[in-house]
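This is what each chain is made of:
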Amino acid sequence: MKVLFVASEAYPFIKTGGLGDVAYALPKALRKLGIDARVIIPKYSGIPLAFKNCMESIATFNVQVGYREQYCGLENLIYDGVPYYFVDNEYYFKRPHIYGDYDDGERFSFFSKSVLESIKYMGDFKPDIVHCNDWQTGVVPVLLKENYSEDVLYNKIKSVFTIHNLQYQGVFPKEVLGELLNLDWKYFNDDAMKFYDAVSFMKGGIVFSDEVTTVSDTYSKEIQTPFYGEKLDGLLSARSANLHGIVNGIDYELYSPEVDEKIFYNYDIKNINQKVKNKLKLQEKLGFTVSENIPMIGIVTRLVKQKGLDLIVEKLQEILSLPIQIVLLGNGDGYYEDIFQYHASIYPSRISANIIFDAALAQQIYAGSDMFLMPSLFEPCGIGQLIALKYGSIPITRETGGLKDTIIPYDKYTGKGNGFSFKNYSGQELLEAIERSLDLYKDKTSWNKLVQNAMSSNNSWENSAKNYLELYSDLIK
Ligand code: GLC
């Protein structure tokens, strides 16, 4: 079976969020199951030179974008056993950042068209499935059906579209249909890409792909309701027979306290007592009081509303009056950056606000903290809580999306569970969950049991990859 995984980012070449992790780890896990999975992404200028130097050119051709013919270079390299293809065009991809430009609609129209044309130049690799991800690739299934259904190279190819985050939809003026995608006005229709008076690339992916997936079972149900549905809940309900929730995993070759080179001391479930040394070092690094017994809460996140930061802000005074240390890492909305920085300047012994992107510090926080706070408003899957589990930092989460599917509230009577959670989007419930965790922390025996439960939770990619394999197999039967 051959699968072309189409994404707008992939670790270790370029990554802004969880999608980049998935685009690395899932194809790798699929290959272990015997699938010939390959990845195609844009060749952004931000990809490190060391990788660019290893790329080999496969073909150059032109791609039609509206009335223009644009150059497209197809390059490739193999990384960790996975073949990667890169779509080269400096006009579109030589930019200081990868998203957020006025012409993103055009950039990803070009990319999507290039992906489909590239298949002609992949030699023996004739995909059975194109697996697209998020709005940046949403028009691939549309164009596949519209332009290639008569072509023998393409007409058996099935498409899968995965929603990583329904909030970002790629909504553009309706004129892009003709001016960029060379599509007819018939696509400006409620059953096609029309979204109010505009067109939605996300909607294109949902309507025209053969199967739709999202990254947890709970999120797949939530997005069929108005609160989480981002105005596509009706459509998603209509497609529910073809909508599947497959939870993401994490790659334990990258994220394991036994082997992680970024943390101060390595440890594993058999010597959990080593974990505390990471806390002492981290306290020193952050300028906190160095003490084993002060519980430390980690927060590693993009600073955006999705992550439930409003609940933390609402109760920040109360949280900071608890006997704890909080270490926050991440950047994003200036509003949140300012609030956390302000409080860190007033309460430096209670909160350290690191408004940066720092991969090493992130790992040191997972290893050094006792609890990991992630009270998201919505969370398609979430990766932070999965890393936290593996590093024995106990997640405190809201029961939504992937958080609900991966964090089982600790039950002190049965000793089961791997974290603390709360249901409603309420600051009070968040505060109470933090207090419950602090209570249990005082009981070292129970706490250690909980840490063991967390560290032995299995969220490897293996299980998820098997679910994708099953989905692909049904599709090409
Ligand atoms: C998005 C979602 C996150 C998910 C990730 C990978 O970033 O917000 O919940 O884990 O995609 O699927």
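Residues numbered from 1 in each chain as written. Predicted model: local features only at pLDDT ≥ 70, side-chain atom pairs only at ≥ 80, totals over all residues. Heavy atoms only, no water.

Visitor: Can you explain empty space enclosed by the protein? Please cite residues and give values.
Guide: The probe, sized like a water molecule, is rolled over the atoms to show the empty space still left. The full count for this structure, using the stated rule, is two cavities of 30 Å³ or more. Around the largest cavity, the lining residues are Asp21, Val22, Tyr24, Ala25, Gly249, Ile250, Asp251, Leu254, Tyr255, Ile383 and Trp461. The greatest single-element share of the lining of the largest cavity, amounting to four residues, is contributed by helix 1 (residues 18-32). Within the lining of the largest cavity, the residues separate by chemical class into eight nonpolar, one polar and two charged. (1 Å grid on protein atoms, 1.4 Å probe; cavity = no way out; pocket = protein on both sides within 12 Å on 5 of 7 lines; lining within 4 Å. Points joined across faces, edges and corners; volume = space filled by probe spheres on them. Helix = DSSP H or I, 4+ residues; strand = E, 2+ residues; numbered from the N terminus. Nonpolar A, V, L, I, M, F, W, Y, C, P; charged D, E, K, R; others polar.)

Visitor: Which residues make up the pairing of strand 2 (residues 36-42), and what values do they have?
Guide: Along any regular strand, the residues point their side chains to alternate faces of the sheet. Buried residues dominate strand 2, accounting for seven of its seven residues. Burial of strand 2 is two-sided: the residues Asp36, Arg38, Ile40 and Pro42 facing one way and the residues Ala37, Val39 and Ile41 facing the other way are all buried. Pairing analysis gives five bridges linking strand 1 (residues 2-6) to strand 2, with the strands arranged parallel. Residue phenylalanine 5 lies in a different strand from strand 2, and its bridge partner there is valine 39. Note on the crossover from strand 1 through helix 1 to strand 2: the handedness is right-handed. Where strand 2 and strand 5 (residues 82-88) come together, four bridges link them in parallel fashion. Each residue of the ladder has a partner; that of proline 42, found in strand 5, is valine 87. (Buried < 20%, exposed > 50% of the residue type's maximum accessible area, 1.4 Å probe, protein only. Pairing = 2+ DSSP bridges. Right-handed = clockwise from strand over helix to strand, strands pointing away.)

Visitor: Which residues make up the site of the ligand, and what values go with them?
Guide: Taken together, 13 residues surround the ligand, and among them His164, Asn248, Glu379, Cys381 and Gly382 come closest. Split by residue class, the shell around the ligand holds six nonpolar, six polar and one charged. (Near = heavy atom within 4 Å.)

Visitor: Describe in detail the nonpolar core, supporting the description with residues and values.
Guide: One finds Leu4, Ile40 and Ile163 to be the most contacted residues of the largest nonpolar core, which totals 95 residues. Here this core gets seven residues from one element, more than from any other, and that element is helix 1. Those residues in contact with leucine 4 that lie beyond four places of it in its chain are Arg38, Ile40, Tyr85, Val115, Ile119, Met122, Phe125, Pro127, Ile129, Val130 and His131. (Core = buried A, V, L, I, M, F, W, Y, C linked by side-chain atoms within 4.5 Å. Contact = heavy atoms within 4.5 Å.)

Visitor: Pulling in residues and values, what's your account of the packing of helix 11 (residues 275-286) against helix 15 (residues 359-368)?
Guide: Two numbers describe how helix 11 lies on helix 15: the axes approach to 8 Å, and their chain directions differ by 130°. As summarised for this structure, helix 11 and helix 15 are arranged oblique, according to the angle between their axes. Our pair here, helix 11 against helix 15, has a crossing hand that is left-handed. In contact with Lys275, Asn278, Lys279, Leu282 and Lys285 of helix 11, helix 15 contributes Leu361, Gln364, Ile365, Tyr366, Ala367 and Gly368. Here the contact of helix 11 with helix 15 is built from residues that sort into five nonpolar, three polar and three charged. (Axes fitted to C-alpha atoms, helices over the stretch in contact; angles between N-to-C directions. Parallel < 35°, antiparallel > 145°, perpendicular 65-115°, else oblique. Left-handed = near helix turned anticlockwise from the far one by under 90°.)

Visitor: Which residues make up helix 5 (residues 139-148), and what values do they have?
Guide: In terms of residue burial, helix 5 counts as a mostly covered element, since seven of its ten residues are buried. Within helix 5, burial applies to Val139, Val140, Pro141, Val142, Leu143, Leu144 and Tyr148. Where the residues of helix 5 are buried, they touch helix 4 (104-118), strand 6 (129-133), strand 7 (158-163) and helix 7 (201-208).

Distances and angles like these do not, on their own, reveal function.
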